[in-house]
Amino acid sequence: MKKKIAFLLILFMAFKSHTQTIEVCNNCSIASLKKAIEIAKDFDTIILKKGTYKEHNIIINKPLTVIGKNYPIIDGELKGEIITIVSDNVTVDGLFIINVGTSYTEDYAAIRVKKSKNFTIQNLVLEKLFFGIYLEKSKNGKVYHNKIIGNAVEEYNSGNGIQLWYSNHIEIEHNYIEQVRDGIYLEFSDDCLIKNNISTKNLRYGLHFMFSNNDIYQDNTFENNGAGVAVMFSNKIKMLNNIFKENWGTASYGMLLKEITDAEIKGNTFKENTIGINIEGTNRINYTNNNFISNGWAVKVRGACYTNTFIENNFLYNSFDISYNSNVNDTIFNKNYWSNYTGYDLNKDGIGDVPYRPVKLFSYIVNRTPETIILLRSLFIDVIDFSEKISPVFTPDNLLDKNPLIKQVAW
Amino acid sequence: MLKILKYSFYDLMRSRWSYVYFAFYFLLGLVLLFLNNNLSKAVITLMNVIIVLVPLIGTIFGVMYYYNSKEFTELLLAQPLKRSSIFLGQYLGVAISLSLSLILGLGIPFILYGLFKSGVIWDFSLLLITGTFLTFIFTALAFNIALSNENKIKGFGYAILLWLFLAIIYDGLFLMSLILFEDYPLDKLSLIGTMLNPIDLSRTLILLKLDISALLGYTGAVFKTFFGTYFGLIVSFIMLAVWVTIPVLRIVFKSKRNDF
C-alpha cells in the first residue's frame, strides 16, 4: 500500500514537473497567444506579459492556464470573436480584451466556452464588446471578478454581458457589468449560483432568466437598468438579499416575474423603482422579509397569479402599495408593515386591530386612465379612497392584511 | 405703500392671530418630527397640510382682515394717497405676515431637528416655497372677493366656496372629465387642467420631488418632458407667479374703480 502511494506521488511529481510555463511578450520569441497555444502541451501555463496583442479567433483546444501579467491587452480589431475555449479544465485570468466584432448573424463574444467542463474565467476586463462571456453547453465553470463595460445604445445591435446557454452548475460571482443589453442572461441553464454581482445601466435587464430552473441569485445589486431582473418561464428560483434600485421608466421594473412557479423571494430591497415587482402568471411564490421603499408601485399584479404569499415585508412610502387590475384575488398578505396604515393597536400585541387594505380605489382608476396619475395625493382622491376603504366596490374585498404590523419588521 | 405695508404688518403682529397661526405650525412641526421620528413621512404629511390648510387660512384671513379694517381703509381713502398703494400695502402686509408665520413655524422645529444635515432639505424648502406662493395667491383672491362684495356674509361665503372649489370640487370635475374622455389623448389636457388650479399646481410641484418614480410610469412624451426634466419645475414656478400677478393686478384695477 505504502509503495503504491509513493509510486503515485512520484508519478504525480513527474507529471507536475513536465508541465512548463510559456512566456509571451511583444518582443519575445513567442510573440502571440495563438503561437503559444500551438506549442503548449496539456496543463501548461501561458503567461502573457504586458503589451498589446492584436489577435482574434484564438482557439484554446487543450487544458491550459492563460494568465495575464499587469493586464495585457488583446485587441480583436472588431474582426470577430476573440477567444474560444473548446477544451475542459481551462483557466483564463487577468486579461484586458477589447474590440469584439459586431455581427447580425453570429453572436461574437470576447470569450466563449463551448461544450467544456471545469473552466475558470476570472479577473478579466472587457470593453467595446458585442457579447462578453458566452457559455455554451458547458458545465461546472466559474466566472469571477470580471469587469464588463459595454457601450450599447440600441437593443437590436448589442449583446449581453454574460450569457449562459444550456450551461449548468456555473458560479458567477463578484462581476461588474455596465451598459450592455442584458447584464447576465440565462437560457436553459439550471443549478447556477449568481452572487455579489453589480449590474447597472443596462438597456434591457440587469439579469434575465429564460427557461432556467433551480438557480439562486443573491447579494447582487441591480441599478438603473431597463428592468432590474426578469424571471420568465422558470421554476424554483431563489432570489435572496438583492438590491433593486432606481429602475425608472414607463416599462421599468425592479423585478419582472412572468410565468414562474415555486420561487422564494427573501430579504431583497426594492428602492425607488417605477414598479417594484410586476407579477403575471406566477404561482406559489413566497415573498418574505423584503423592503419596498419609495417605489411608484411596490407590487403590480397583472393576472393569473395564484397563491402568492407576502409575509413580514416592509412597505414604506410607496406611491401605491399594491395595484390590481381585476377583482379576483388569490394573493395572501399577512403580518406586513405598511407605512400608510392608520389603524391602532389597543391590546398592544404589535398587530393592528383593524385590517389594512393595500389596494386603493385610485390605483384602480389609474390602471384604467393612466393620465389621472396627475391627481395623486389630491384631497379629493383621499376622500374617494376613504369611501372605498369603508365599503369596497371596485377592489377585491378579500384583499387585505388582517394582521398589519405596528412596527417595521426587522430580521 | 411701504408705510401702509408696515402699518398693516405691525398691526397683524400685534394681533393674536398671527401668533396663533405661528404656534399652530410650530406645534405641528414639532409633533410630526419628534413623535414620528421619520423625516420623509413628516414631509409627506406636511405636504397634505400645506396644500389644504394654507389656502384655507389665506382666504379666510384675507377676507377677515379686509372687512375688519374697512373703517380704517375708508379713513385712509380720505387722505391724499394712491388707492393702489393703500390696498397693495394692506395685501402685502397680510400675505407677508402669514408667510412669515408659516416659514418660521415650520422652519424652527425642522432646524431644531437637524434638518441641515439631512437629505430632505430640498424637499422641505420646496414645501415652504410653494406654501408661500399659495399664501400670496389665496390672500390676493380673498382681497378680490372682499373688494367685489360689500356684504360681509356674502364675502365669507364666496371665499369658502372658492377654497372648497379649488381644493376638492375642481379635482373631482377634473377626474370625471379625464375618465369621460379616456379614449382621447389626454396628457396635454391633464397638464393644462393642473395649471389652471394653483392648489393642483403646487401639488404637482411637490409630486415631482416625492413621487417621481410613479409619475414616470405613464407613457406619454409630453408627460415625460414635463416630469423628467427641469422643464416641469420651471413651468410650474412661472405659472405660480402668474397666479400671484393676475389677482394682484385685479386688486389694483378694482380698487381704482370701486365706489367706497
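Computed from a predicted structure; not experimentally measured. (Residues numbered from 1 in each chain as written. Chains lettered and ligands numbered in written order. Predicted model: local features only at pLDDT ≥ 70, side-chain atom pairs only at ≥ 80, totals over all residues. Heavy atoms only, no water.)

1. Comments concerning the sheet that holds strand 22 (residues 205–210) of chain A
Residues and elements named next belong to chain A.
Then step 1. The 12 strands lie next to each other as 4-7-10-13-16-19-22-25-28-31-34-37, forming an open sheet whose pairing is parallel. Edge strands, defined here as strands with exactly one partner in the open sheet, are strand 4 (58–60) and strand 37 (320–324). The average angle at which neighbouring strand axes cross in this sheet is 10 degrees, direction not considered.
Then step 2. Pairing of strand 13 (residues 131–136) with strand 16 (residues 162–165) involves 4 bridges; the strand directions are parallel. (Pairing = 2+ DSSP bridges. Helix = DSSP H or I, 4+ residues; strand = E, 2+ residues; numbered from the N terminus. Axes fitted to C-alpha atoms, helices over the stretch in contact; angles between N-to-C directions.)

2. Quick notes on the packing of aromatic side chains
Then step 1. All chains considered together, the criterion is met by 34 aromatic pairs over all chains.
Then step 2. Note on F22 of chain B and F26 of chain B: the rings are 5.8 Å apart at their centroids and 20 degrees apart in plane angle, and the pair reads as stacked. With F22 of chain B and F26 of chain B both in helix 2 (residues 16–36) and 4 residues apart, this pair spans about one turn of that helix.
Then step 3. For F26 of chain B, a relative accessible area of 23% gives the class partly exposed.
Then step 4. R112 of chain A extends its terminal NZ or CZ atom over the ring of Y134 of chain A, reaching a point 4.3 Å from the ring centre. (Phe/Tyr/Trp six-rings, centres within 6.5 Å; stacked < 30°, edge-to-face > 60°. Buried < 20%, exposed > 50% of the residue type's maximum accessible area, 1.4 Å probe, protein only. Lys NZ or Arg CZ within 6 Å of the ring centre and 35° of its normal.)

3. Points about the interface of chain B and chain A
Then step 1. Every contact between the two is made by 38 residues of chain B and, on the other side, 31 residues of chain A.
Then step 2. When chain B packs against chain A, close to 2900 Å² is buried across both sides, 68% of that on carbon and sulfur atoms.
Then step 3. Between E182 of chain B and R368 of chain A there is a salt bridge whose closest N-O contact spans 3.2 Å.
Then step 4. Our count for the chain B to chain A interface comes out at 5 residue pairs in polar contact (both at pLDDT 80 or more).
Then step 5. Among the secondary structure elements, those contributing two or more residues to the side of chain B that touches chain A are helix 3 (39–68), helix 7 (152–180), helix 8 (187–195), helix 9 (198–210), helix 10 (212–215) and helix 11 (221–228) of chain B. (Contact = heavy atoms within 4.5 Å. Buried area = accessible area lost by both parts, 1.4 Å probe. Salt bridge = Lys/Arg side-chain N within 4 Å of Asp/Glu carboxyl O. Polar contact = N/O pair within 3.5 Å; in protein donor to acceptor, adjacent residues only side chain to side chain.)

4. Quick word on helix 1 (residues 2–14) of chain B
Then step 1. Helix length check: helix 1 of chain B (13 residues) gives 18 Å between terminal C-alpha atoms against 18 Å at 1.5 Å per residue, within 8%.
Then step 2. The inward-facing, buried residues of helix 1 of chain B abut helix 2, helix 3 and helix 5 (83–113) of chain B. (Expected span 1.5 Å × (residues − 1).)

5. Quick notes on the side chain of R357 of chain A
Then step 1. Mapped onto the elements of the fold, R357 of chain A is located in the loop between strand 39 (337–338) and helix 3 (361–368).
Then step 2. Other than its neighbours up to four places away in sequence, R357 of chain A contacts K389, P392, P396, D397, L399 and L400 of chain A.

6. Topic: the domain arrangement of chain A
Then step 1. By the assigned domains, chain A splits into domain 1 (20–225) and domain 2 (258–411).
Then step 2. Put simply, the middle of domain 1 of chain A and the middle of domain 2 of chain A, counted by C-alpha atoms, are 41 Å apart. (Domains from an automatic or database assignment.)

7. Some points on unusual backbone geometry
All names here are of chain A.
Then step 1. Of note in this structure, K137 is not a glycine but carries a positive phi near 45 degrees.
Then step 2. Take K137: it is sitting in the loop between strand 13 and strand 14 (142–144).
Then step 3. At K335, a residue that is not glycine, the phi angle is positive and equals roughly 55 degrees.
Then step 4. Its location among the elements puts K335 in the loop between strand 38 (332–334) and strand 39.

8. Description of the environment of L33 of chain B
Then step 1. Among the structural elements, L33 of chain B can be located in helix 2.
Then step 2. Residues L33 of chain B and K224 of chain B, spaced 191 residues apart in sequence, show a C-alpha to C-alpha distance of 34 Å.

9. Quick word on the pattern of salt bridges
All names here are of chain A.
Then step 1. Following the criterion strictly, the structure yields 11 salt bridges over all chains and no others.
Then step 2. With its nearest N and O atoms 4.0 Å apart, the salt bridge here joins E223 to K245. With a gap of 22 residues between them, E223 in strand 24 (residues 221–223) and K245 in strand 27 (residues 243–245) connect regions that are remote in the sequence.
Then step 3. Salt-bridge contacts for R284 lead to D262; the nearest nitrogen and oxygen are separated by 2.9 Å. Residue R284 is located in strand 32 (residues 283–288), and its partner D262 is located in the loop between strand 28 (253–258) and strand 29 (264–266); the two are separated by 22 residues in the primary sequence.
Then step 4. A network of salt bridges, in which partner residues are shared, links E81, R112 and E136.

10. A closer look at the packing of helix 4 (residues 70–77) of chain B against helix 5 of chain B
Axes are the key here: two packed helices are described by the angle between their axes and the distance separating the axes.
Residues and elements named next belong to chain B.
Then step 1. The interhelical angle for the contact between helix 4 and helix 5, taken along N-to-C directions, is 150 degrees, at an axis separation of 10 Å. As judged from the angle between their axes, helix 4 and helix 5 are roughly antiparallel. Every pair of crossing elements has a handedness; the one defined by helix 4 and helix 5 is right-handed. Of helix 5, the residues touching helix 4 (which contributes F72, T73, L76 and L77) are R83, I86, F87 and Q90.
Then step 2. Grouping the amino acids of the contact of helix 4 with helix 5 by side-chain chemistry returns 5 nonpolar, 2 polar and 1 charged. (Parallel < 35°, antiparallel > 145°, perpendicular 65-115°, else oblique. Left-handed = near helix turned anticlockwise from the far one by under 90°. Nonpolar A, V, L, I, M, F, W, Y, C, P; charged D, E, K, R; others polar.)

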